[in-house]
Amino acid sequence: PTMSLPVSGAELLNALNADSPPGAPTATILVNAVILAGIKQGASDLYLDVVNGKDGKAGLFRIRIDGASDTVTGYDARLHRPMVEEVKRRGSMDVTETRLPQNARIGIMLGPAKEVQLDVVVVPALLGESVSIRIIDPAVATLGYEALGIRGESLARIKQANAAPQGLTVLSGV
């Protein structure tokens, strides 16, 4: 499924209701807000969870930017299930299935020529279902070996290893 959401300037405020008819359920508006906030901030992942807090159950919206996960806000736990169902509907998942993990890919049009993909995973958890949304922007450039500073003999070894019919190449840094 693909939906169209603007993400620039004053359009961002209007976009909270852009994909929702007037009088749309609160969950629809909140899901739009979560997705738009993630895209606008350059997040790689968004998370919706229910946790036990000192005041009982609470919904938790977390965001991952540049590898660091941060809690953005809490919300009323009563809104969590409707928000999960909204995400499932957008991904054409089975809304009634709560005991098995489900996944989907959702396309979002950001203007006339740019599309961002959302990989959505919904998994059962102790207090409800947890939602993980990975934002995939194909326009983000992939760095080559030279841009990463790999040259000379190291570059030749990596290219040789990658050309092998089997095996695994692990690249890590400090």
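This text follows the structure it describes.
Residues numbered from 1 in each chain as written. Predicted model: local features only at pLDDT ≥ 70, side-chain atom pairs only at ≥ 80, totals over all residues. Heavy atoms only, no water.

Q: Is there a simple way to explain the overall build of the protein in this structure?
A: A count of helical and extended segments in the protein gives four helices and seven strands. Listed by position from the N terminus, the elements making up the protein come as β-α-α-β-β-β-α-β-β-β-α. The burial tally for the protein puts 33% of its 174 residues in the buried class. Taking the contacts inside the protein whose residues are at least 6 apart along the sequence as the reference set, 38% of them involve residues at least 24 apart. Surface exposure of the protein reaches about 10700 Å², of which carbon and sulfur atoms provide 55%. (Helix = DSSP H or I, 4+ residues; strand = E, 2+ residues; numbered from the N terminus. Buried < 20%, exposed > 50% of the residue type's maximum accessible area, 1.4 Å probe, protein only. Contact = heavy atoms within 4.5 Å. Areas by Shrake-Rupley, 256 points an atom, 1.4 Å probe, with all protein chains shown as cover.)

Q: Got a minute to help me understand helix α2 (residues 26-41) in this structure?
A: An α-helical turn contains 3.6 residues, so a residue and the one three or four places further along point in the same direction. Across its 16 residues, α2 extends 22 Å between first and last C-alpha, which sits within 8% of the 22 Å expected from 1.5 Å per residue. Within the sequence span of α2, burial applies to Ala 27, Thr 28, Val 31, Asn 32, Val 34, Ile 35, Leu 36, Gly 38 and Ile 39. One or two steps after α2, the chain reaches Gly 42, where phi turns positive at roughly 75°. (Expected span 1.5 Å × (residues − 1).)

Q: Before we go on, may I ask you to explain helix α3 (residues 80-90) in this structure?
A: With eight of its 11 residues buried, α3 lies for the most part within the structure. Among all positions of α3, only His 80, Met 83, Val 84, Glu 85, Glu 86, Val 87, Lys 88 and Arg 90 are buried. Remark: Ser 92 follows α3 within two positions and exhibits a positive phi of approximately 55°.

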